[in-house]
Amino acid sequence: MFLWEQHCCLPLRPTARVAELARYPLGSYLSVNVGYSAQTKDDSLALLHQFRDEAGRDPRFRLVDRVRDIGAPEVISLAFDLEDSRPLDGDLDNVELFYDLGVRSLLPTYNHANAAGCGCLDTDDTGLTGYGKELVRKLNQVGMFADGSHCSRRTGLDLAAHTGAPMIYSHSNFAAVWEHPRNITDEQALACAATGGVIGINGVGIFLGRNEPPARAERVAAIADHIRYGVDLVGIEHIGIGSDYSFDGQEFNDEIRDNPGAFSESYTKWGPLQWAPPEDLFGGSDVPGLDDVLADRGFTPAERAAVFGGNFARVAKQVWRD
């Protein structure tokens with residue numbers, strides 16, 4: 001089954017290796033993070049050039065310019081995303097620069113307020129700023145996804161109100177299923193769907209309510225719970241996969257431990273974060289894969305194909321430049 005993985009993370013440092021992404025099935029499309037609030041423009045550009053160079057030398061990977069570049073069964077297709085607007089260095093013309101290097105998705109804020117808007121961990125939620133609204137218009141103009149993950153609830157609603165193209169939540173679960181500030185409300189989900197957008201369900205233990213290290217099968221089942229809820233709420237055509245699998249999991253847990261103020265008790269109280277790796281989600285381990293779990297719950301092959309890849313592919317054709 002074709003997989004569109006709308007967000008996964010390599011280490012954001014020169015020691016990262018694109019070859020790690022070969023843990024995903026051949027034929028997949030992956031959006032790989034190249035920066036968040038900790039990165040400057042130069043930092044993210046250096047990562048982009050490194051990842052592009054490594055992928056270009058490895059026949060298992062294909063760099064993506066257009067949607068029609070995606071789907072060859074013998075390769076994994078790659079593009080990139082930014083989890084905060086800081087790497088733009090305050091210059092909206094840099095959206096075009098990053099697009100030309102393969103970035104196809106950008107979210108305005110990562111957890112905390114910045115020049116563009118508020119984050120999901122802010123107690124004072126004032127939504128998108130004037131600069132943030134200009135950023136949304138620029139994303140629409142360039143052909144890049146406007147992404148509400150990690151944003152505050154009002155910022156996410158403002159994205160939906162100001163975008164002229166389908167927006168996405170690349171890797172966000174539902175607060176009605178598991179209450180966490182990183183999960184989105186029904187109002188946010190419905191507003192996203194009203195733009196024609198898609199919500200990518202993630203596999204992070206603390207956002208699923210199943211962060212116990214042995215609970216691998218339970219995490220996959222919880223992903224299916226969020227998919228079921230989303231389908232019932234907004235329709236099958238608005239749900240996808242953005243697992244947020246972190247190949248830098250140990251480094252990320254070290255960052256949370258060393259800088260707890262940058263996250264919050266909602267992150268730190270659960271112990272080290274756990275993820276659902278590609279093998280557990282998409283086959284190759286002793287855990288029932290997500291496709292099997294969804295099939296057991298009555299999802300048809302066409303419905304599973306829509307969730308696994310068809311929905312994000314559809315909105316990419318509407319948003320990206322071709």
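The rules we used
- Residues numbered from 1 in each chain as written.
- Predicted model: local features only at pLDDT ≥ 70, side-chain atom pairs only at ≥ 80, totals over all residues.
- Heavy atoms only, no water.
- Salt bridge = Lys/Arg side-chain N within 4 Å of Asp/Glu carboxyl O.
- Helix = DSSP H or I, 4+ residues; strand = E, 2+ residues; numbered from the N terminus.
- Buried < 20%, exposed > 50% of the residue type's maximum accessible area, 1.4 Å probe, protein only.
- Patch = residues over 30% accessible without salt bridge, like charges linked within 9 Å, V, L, I, M, F, W, Y side chains within 5 Å.
- Areas by Shrake-Rupley, 256 points an atom, 1.4 Å probe, with all protein chains shown as cover.
- Lys, Arg positive; Asp, Glu negative; His and termini not counted.
- Charge placed at Lys NZ, Arg CZ, Asp CG, Glu CD.

Visitor: Break down the pattern of salt bridges for me, with residues and values.
Guide: The full count for this structure, using the stated rule, is 19 salt bridges. The partner of E134 in a salt bridge is R137, with the nearest N and O atoms 2.5 Å apart. Placement of both E134 and R137 in helix α3 (residues 130-142) is noted, with a separation of 3 residues, approximately one turn of the helix. Given the relative accessible area of 38%, E134 is considered partly exposed. The shortest N-O distance in the salt bridge between D232 and R228 comes to 3.1 Å. With D232 and R228 both in helix α7 (residues 216-234), this residue pair falls 4 residues apart, about one helical turn. Taking the relative accessible area as the measure of exposure, D232 reaches 55% and is therefore exposed. Where salt bridges share partners, they join R66, R68 and D322 into one cluster.

Visitor: Explain unusual backbone geometry to me, and be specific about the residues and the numbers.
Guide: A positive phi angle, close to 70 degrees, is found at N111, a residue other than glycine. As for its placement among the helices and strands, N111 is situated in the loop between β5 (103-106) and α3. Among the residues examined, N111 registers a relative accessible area of 0% and is labelled buried. For H150, which is not glycine, the phi torsion reads 70 degrees and is therefore positive. According to the relative accessible area criterion, H150 is buried, its value standing at 5%.

Visitor: Could you give me a rundown of a negative patch on the surface, with the residues and numbers involved?
Guide: Judged by side-chain charge, D42, D43, D89 and D91 come together as a negatively charged surface patch. Structurally, D91 is set in the loop between β4 (76-82) and α2 (94-100). Taking the relative accessible area as the measure of exposure, D91 reaches 35% and is therefore partly exposed.

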